[in-house]
Amino acid sequence: MLSLHPARRRPSRRRPPRIGLAVAGGGPLGGMYELGALRALDEALEGFDPTALDCYVGISSGAFLAAGLANRIDTGSMCRILITGDSDDVRFRPGVFMRPALPEYLRRAAGLPRLTLRWWQRRLGLAAARRGSDAGLGGMLPTGLFDNRELERFLRGVLTRRGRSNDFRRLDGRLHVVAVDLDSGESVLFGGEGWDDVPISVAVQASAALPGLYPPVEIRGRHFVDGALRRTLHASVLLERGVDLLIGINPLVPFNSAAGGGTRGRPDDPRRLAERGLPAVLSQTFRTLLQSRMEVGLARYARQYPAVDQMVFEPGPADGDLFFANAFSFSARQRICELAYRNTLDDLRRRAGELVPLLAAHRLRLRMDVLDDPGRTLLHGLQAPGPRSTDTTARLRHALDDTERLLAARGPARRRSPVV
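All values reported here derive from a predicted model rather than from experimental measurement. Residue numbers restart at each chain and count upward from 1, following the sequence in its written direction. Local features are withheld for residues below a pLDDT of 70 in this predicted model, meaning they are given only at 70 or higher, and side-chain atom pairs are given and counted only at 80 or more; totals for whole chains, interfaces and linings count all residues. Only hydrogens and water are set aside when side-chain values are computed; all heavy atoms of the structure are taken into account.

Undergrad: Before we go on, may I ask you to explain the environment of G95 in this structure?
TA: Within the secondary structure layout, G95 lies in the loop between α3 (75-84) and α4 (102-110). Considering only alpha carbons, one finds G95 and E150, 55 residues apart in sequence, at a separation of 9.7 Å. Labels follow the DSSP assignment, with helices taken as runs of H or I lasting at least four residues and strands as runs of E lasting at least two, numbered in each case from the N terminus.

Shown next, in the form of structure tokens:
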């Protein structure tokens, strides 16, 4: 489902348009949905290169993808890493993200004798209870089930070779990752002033630390958790940098069985959420809060930044495959990625009449040969992997890409295929 907020006035400009990408969170499957949407945009928009945008902001699983794009890992390579598994660059093993947080368990268990002693001292009147000074028996519970250090190690390994960088400062300030300070509730912008020396992999680990599933991440003596707790897209980061076109992707929307011709209200409806217990109820609640908060924010941004075009891609409300899938089941990743790919192409085709003038203002065009191909799948456009790169050849290729983009920006746009 595509939400459009066209600019109310577009100032004339001679410089190339500035495009920013905001990628929300959504867990592992949410990240797969976002990858499918990005792949569709990459193929269907003439002149759009997701690895050469002016700025990126990512939250949680979206930060994972944004970090890759800012390091010039294109959507085809990401599909080979995360979906088909035939990348000659990165070996992706989903199981490493689901390992129990044993260090956290052991740390909590080590405090059990002290907590037990204090509990008995208070019960026997040997020690006075002091408000807020003791965590009580709740301090025995781990703050997360899974070890998110594996995510940091994996991403660090990807970003420290083949010409890529794990340093925000070497990306010219284009990448921003958002996390929330657990003790104050404040958002922190990694990659921004004062926080650009934190490694990208650590920032992504912090941004993806969903409370209850992953332990908070300690940075400079402060504990950080999932950046979505404050805002859904954090699109204001891009708007404040002066983008002309904001592209957002949000995989978390509430499910509506009636939108897909369901039997909502009937006791025999298998998709009645209350019948599926607490996880479904919490998921629907969380999704509803995130989407409503985002919609309010985008409407406000449209008033505050009337010269900016906004395009936000989301699943449809009847996409039960995404809602009912196990959020941590990596076996569904190709199916979810394919769903997002087709949804995004369908959105672009249905809204082509509105999109043509909007995209033209940013030197982009729709590729109708892609949009009008009903049998096209996520795997159709994947090219065979190129020759294996070294750090030196990767840097050389990046320099050549930069030169080509600079020349293209100064000359007339070239057409690769029929467009409208």
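Undergrad: Mind showing me how you'd approach the pattern of salt bridges here?
TA: For side chains of opposite charge, pairing can occur when their charged atoms come near one another. Salt bridges are counted wherever a side-chain nitrogen of Lys or Arg sits within 4 Å of a carboxyl oxygen of Asp or Glu. Enumeration according to the criterion identifies 22 salt bridges in this entry. Two residues, E275 and R272, come together in a salt bridge whose shortest N-O distance is 3.8 Å. Taking the relative accessible area as the measure of exposure, R272 reaches 28% and is therefore partly exposed. In this structure, D369 engages R367 in a salt bridge whose closest nitrogen and oxygen atoms are separated by 3.4 Å. Note on classification: 1.4 Å probe, protein chains only; a residue is buried when its accessible area is under 20% of the maximum for its type, exposed when over 50%, partly exposed between these limits. Residue class for D369 comes out partly exposed when judged on its relative accessible area of 33%. The exposure class assigned to R367 is buried, which follows from its relative accessible area of 16%. Among the charged side chains, a salt-bridge network with shared partners connects R39, D42, E43 and R376.

Undergrad: Would you take a moment to explain the packing of helix α1 (residues 27-44) against α3 for this structure?
TA: Geometry of a packed helix pair, given as the angle between the helix axes and the separation of the axes. All axes are obtained by fitting lines to C-alpha atoms, using only the stretch in contact for helices, and the reported angles, taken between N-to-C directions, cover 0 to 180 degrees. Axis separation between α1 and α3 bottoms out at 10 Å; the angle between their running directions is 150°. As summarised for this structure, α1 and α3 are arranged roughly antiparallel, according to the angle between their axes. Classified by chirality, the crossing of α3 by α1 is left-handed. Residues M32, L35, L38, R39 and D42 of α1 touch α3, and the partners they reach there are T75, G76, M78, C79, L82 and I83. Should an angle lie under 35 degrees it is considered roughly parallel, over 145 roughly antiparallel, and from 65 to 115 roughly perpendicular; all remaining angles are considered oblique. Each crossing gets its hand from how the near helix is turned against the far one by less than a right angle, where anticlockwise is left-handed and clockwise is right-handed. Note on definitions: a residue-residue contact is assigned when non-hydrogen atoms from the two residues lie within 4.5 Å.

Undergrad: Help me out: how do you make sense of the pairing of strand β1 (residues 2-5) in this one?
TA: Taken residue by residue, a regular strand's side chains alternate between the two faces of the sheet. Side chains L2 and L4 project from β1 onto a buried face, and the interleaved S3 and H5 project onto a face without burial. The pairing of β1 with strand β10 (residues 309-313) spans four bridges and is classified as antiparallel. Counterpart to S3 in the pairing with β10 is V312. Strand pairing is assigned whenever DSSP detects at least two bridges linking the two strands.

Undergrad: Would you mind showing me how to read empty space enclosed by the protein here?
TA: Using a probe with the size of a water molecule, rolled over the atoms, empty space left in the structure can be pinpointed. The rule is simple: put a 1 Å grid over the protein atoms alone, call a set of points where a 1.4 Å probe fits but cannot get out a cavity, call an open set with protein on both sides within 12 Å along at least five of seven lines a pocket, and count a residue as lining if it has an atom within 4 Å of a point. Grid points are joined across faces, edges and corners, and a volume is the space filled by probe spheres set on the points. Here the structure, examined in full by the defined rule, presents two cavities of 30 Å³ or more. In this structure, the largest cavity encloses a volume near 110 Å³. Those elements that place two or more of their residues in the lining of the largest cavity are α2 (61-70), α3 and α6 (149-159). Three categories are distinguished: nonpolar for Ala, Val, Leu, Ile, Met, Phe, Trp, Tyr, Cys and Pro, charged for Asp, Glu, Lys and Arg, and polar for the others, with Gly belonging to the last. Per-class residue counts for the lining of the largest cavity are nine nonpolar, one polar and no charged. What the second largest cavity holds in volume is close to 40 Å³.

Undergrad: How do you make sense of helix α9 (residues 278-304) when you look at a structure like this?
TA: Side chains three or four residues apart in an α-helix point the same way, a direct result of the helix having 3.6 residues per turn. Here α9 spans 39 Å end to end across 27 residues, near enough to the 39 Å set by a 1.5 Å rise per residue. Among the residues making up α9, those that are buried are A280, Q284, R287, L290, Q291, M294, G297, L298, Y301 and A302. If you follow the buried residues of α9, they end up packed against β1, α8 (236-239), β9 (245-249), β10 and α10 (320-324). Every helix has an expected span of 1.5 Å times one less than the residues it contains.

Undergrad: Hey, could you run me through the UniProt feature "active site" (unreviewed entry) in the protein chain in this one?
TA: Listed under "active site" (unreviewed entry) in the UniProt record, and renumbered for this structure, are S60 and D226. Across 167 residues of sequence, these annotated residues stay compact in space, with a maximum C-alpha separation of 6.1 Å. Examined against the element boundaries, S60 turns out to sit in the loop between β4 (55-58) and α2. Among residues more than four places away in sequence, those in contact with S60 are G25, V204, S207, A208 and D226. Within the secondary structure layout, D226 lies in strand β8 (residues 222-226). Not counting the four nearest positions on each side in its chain, D226 is found in contact with I59, S60, V180, A206, S207, A209, L210 and P211. Within the structure, D226 has its side chain in polar contact with the backbone nitrogen of A228 (distance 2.8 Å). UniProt positions are given in the numbering used here, feature names are shortened, and annotations may be inferred rather than shown by experiment. Pairs of N or O atoms are called polar contacts if they sit within 3.5 Å, as long as, within protein, a hydrogen donor faces a hydrogen acceptor (for residues adjacent in sequence, only side-chain-to-side-chain pairs).

Undergrad: Honestly, a nonpolar patch on the surface in this entry has me stumped. Any pointers?
TA: The patches reported here contain residues having more than 30% relative accessible area and no salt bridge. Joining distances are 9 Å for like charges and 5 Å for nonpolar side chains (Val, Leu, Ile, Met, Phe, Trp, Tyr). Method for areas: the Shrake-Rupley scheme with a 1.4 Å probe, in which residue coverage is limited to the protein chains shown. Taken together, the side chains of L278, V281 and L282 make up a nonpolar region of the molecular surface, amounting to roughly 280 Å² of accessible area. On the secondary structure map, V281 appears in helix α9. The partly exposed category is assigned to V281, whose relative accessible area is 36%.

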